[in-house]
Amino acid sequence: MIWVREVAAAVRGECTPDAPLAPRTSIRVGGPADLLVRPADAADVAALLRECASRALPVLVLGGGANLLVADAGIRGVVIRLPVDLGEESLDGERLVLSGGAPVTRVVQRAVSAGLTGCEFAAGIPGTLGGAVAMNAGTRIGEMKDVVERVEVATPEGVRWIPAQELGFAYRTCRLPEGAVVTRVGFRLKHGDVAASRAVMDADREHRRRTQPLNWPTWGSTFRNPPGDHAGRLVEAAGLKGHRLGNAMWSDLHANFVVNLGGATARDCLALIRMARERVRERFGVELELEVRLAGAFAQDEHP
Ligand SMILES: Cc1cc2nc3c(=O)[nH]c(=O)nc-3n(C[C@H](O)[C@H](O)[C@H](O)COP(=O)(O)OP(=O)(O)OC[C@H]3O[C@@H](n4cnc5c(N)ncnc54)[C@H](O)[C@@H]3O)c2cc1C
């Protein structure tokens, strides 16, 4: 593919053609990207987006791959994976600016060492800060919208800051401008009782260890919780907890998590998802909506 060389020549970052994506997702499933780019900085992301737009190439931003199912056939076009340290990070009183490519745990570590509180919910969430903004990641005790004050985004037009009020944060979603890549995240936290904050985070991690299949590759929650109910409860009540197809299985610990028992395919995972949706619809009249994001070239008959 000629475009691969031409796009690679237009960016300063690192480019890997035909890059395997399974090892870059937490469920360890999926085929390769035509071109994986690790941009040098936010301006490089914007230059890459411009180049892709001018060639009408599809672009996907990959965070930690902690909530993503990549098709077995992989992803056509360009996949962007931000470096962990992208752009300048800073701490100014209760305001913290961090790289969009940094792990979510970074905000927790920085907060604790600066005596800041408010982001306890983030302690056990895998992935990157950019992905956490895109998903409005959170738990019962808080979500990104509670602590994000602004985000820096790269688009084909350049790099700019957007105030959080313009991001339309809602349950596990946010309305970023079309094709925008979150390059830095600005947090507003509060000086507070860090010991109490640590206790809350320890309790959350302990709760996860008991209730989530953390020893298996998984993408976390498959379905969004329907209003007033829990998707895991419905999948379990539909008799699918521990149900296996190929090497993918509805976890026997938490029925909203699919686990990869080793060598699972995206096709196996999607078949499990389809089965759960059908059974839950038939038995309880509830339409389960996906929380996990699908990426890539899925066959028509694979769609859940
Ligand atoms: C064991 C486990 C437990 C989990 N627990 C929770 C939980 O408690 N709460 C919760 O909310 N989630 C949870 N998750 C899901 C996951 O951790 C979150 O959704 C996380 O925010 C995904 O971040 P990521 O960087 O891995 O994004 P990815 O999975 O890589 O991508 C998710 C979406 O975000 C987009 N995206 C990623 N980075 C950027 C960027 N820089 N700019 C723009 N868009 C971007 C992607 O294109 C994609 O659409 C869990 C997952 C696992 C595996």
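Rules behind the numbers
- Residues numbered from 1 in each chain as written.
- Predicted model: local features only at pLDDT ≥ 70, side-chain atom pairs only at ≥ 80, totals over all residues.
- Domains from an automatic or database assignment.
- Contact = placed C-beta atoms within 7 Å.
- Helix = DSSP H or I, 4+ residues; strand = E, 2+ residues; numbered from the N terminus.
- Nonpolar A, V, L, I, M, F, W, Y, C, P; charged D, E, K, R; others polar.
- Core = buried A, V, L, I, M, F, W, Y, C linked by C-beta atoms within 7 Å.
- Buried ≥ 20, exposed ≤ 12 C-beta atoms within 10 Å, placed from the backbone.
- Pairing = 2+ DSSP bridges.
- Axes fitted to C-alpha atoms, helices over the stretch in contact; angles between N-to-C directions.
- Near = placed C-beta within 6 Å.
- Expected span 1.5 Å × (residues − 1).

So what exactly am I meant to see when it comes to the domain arrangement of the protein chain here?
Note on interface size: it is often stated as the accessible area lost on association of the parts. The domain architecture assigned to the protein chain consists of domain 1 (2-81), domain 2 (90-196) and domain 3 (214-298). When each unit is reduced to the centre of its C-alpha atoms, the spacing between domain 1 and domain 2 is 23 Å. Counting from both sides, the interface comprises 15 residues of domain 1 and, opposite them, 16 residues of domain 2. Here the element with the most residues in the side of domain 1 that touches domain 2 is helix α2 (residues 42-54); it accounts for seven residues. Broken down by class, the residue content of the side of domain 1 that touches domain 2 amounts to ten nonpolar, four polar and one charged.

Sorry, what's going on with the nonpolar core here?
As a rule of thumb, soluble globular proteins bury nonpolar side chains together. Judged by nonpolar contacts, the single largest core of 90 residues is most densely connected at Leu69, Val70, Ile80, Val107, Cys119, Val133 and Cys269. Those residues in contact with Val133 that lie beyond four places of it in its chain are Met144, Val148, Val151, Cys174, Val182 and Val185.

What am I meant to see in the sheet that holds strand β17 (residues 248-250) here?
Sheets are built from strands that pair by backbone hydrogen bonding, the pairs being arranged parallel or antiparallel. Spatial strand order, β15-β18-β17-β16: four strands in an open sheet with antiparallel pairing. Unpaired on one side and paired on the other, β15 (218-221) and β16 (244-245) mark the two borders of the sheet. Sheet topology places β17 next to strand β18 (residues 257-260); three bridges connect them, and they run antiparallel. Paired with Ala248 across the two strands is Asn260, which belongs to β18. Running over the sheet, helix α8 (residues 266-284) touches β16, β17 and β18 and is turned about 25° from β17.

In this structure, what is going on with the sheet that holds strand β13 (residues 181-188)? I would like to understand it.
Strands sit in the order β6-β7-β13-β11-β12 across an open sheet of five strands; the sheet is antiparallel. Here the strands that pair on one side only, and so sit at the sheet edges, are β6 (90-92) and β12 (158-163). Each strand of the sheet is rotated relative to its neighbour by a mean of 15°, with strand direction disregarded. Strands β11 (148-155), β12 and β13 of the sheet are contacted by α2, whose axis makes an angle of about 50° with β11. The strands touched by helix α3 (residues 105-113) within the sheet are β6, β7 (95-99) and β13, with β7 carrying the most contacts at an inclination of about 145°.

What should I look at first to understand the site of the ligand in this one?
Near the ligand lie 33 residues; those nearest to it are Gly63, Gly127, Gly130, Gly131 and Gly220. In terms of residue count, helix α4 (residues 129-135) provides more of the shell around the ligand than any other element does, five residues in total. In the shell around the ligand, the residues fall into 17 nonpolar, 15 polar and one charged.

Quick question: what am I supposed to make of α2 here?
One turn of the α-helix equals 3.6 residues, which is why residues spaced by three or four share an orientation. With 13 residues, α2 extends 19 Å between its outermost C-alpha atoms, agreeing within 8% with the 18 Å of an ideal straight helix rising 1.5 Å per residue. Positive backbone phi, approximately 50°, marks Ala56, located one or two places after α2.

Could you clarify how one ought to interpret the environment of Ala196 in this entry?
Here Ala196 is to be found in helix α6 (residues 194-211). Judged by C-beta crowding, with 11 C-beta atoms within 10 Å, Ala196 ranks as exposed.

What is the right way to look at the pairing of strand β5 (residues 75-81) in this model?
Most of β5 is tucked away, with five of its seven residues classed as buried. Across four bridges, the pairing between strand β2 (residues 32-38) and β5 is parallel. By the bridge assignment for β5, Val37 is matched with Ile80. Sheet topology places strand β3 (residues 59-62) next to β5; four bridges connect them, and they run parallel. Among the inter-strand pairings, Val61 is bridged to a residue of β5, identified as Ile80.

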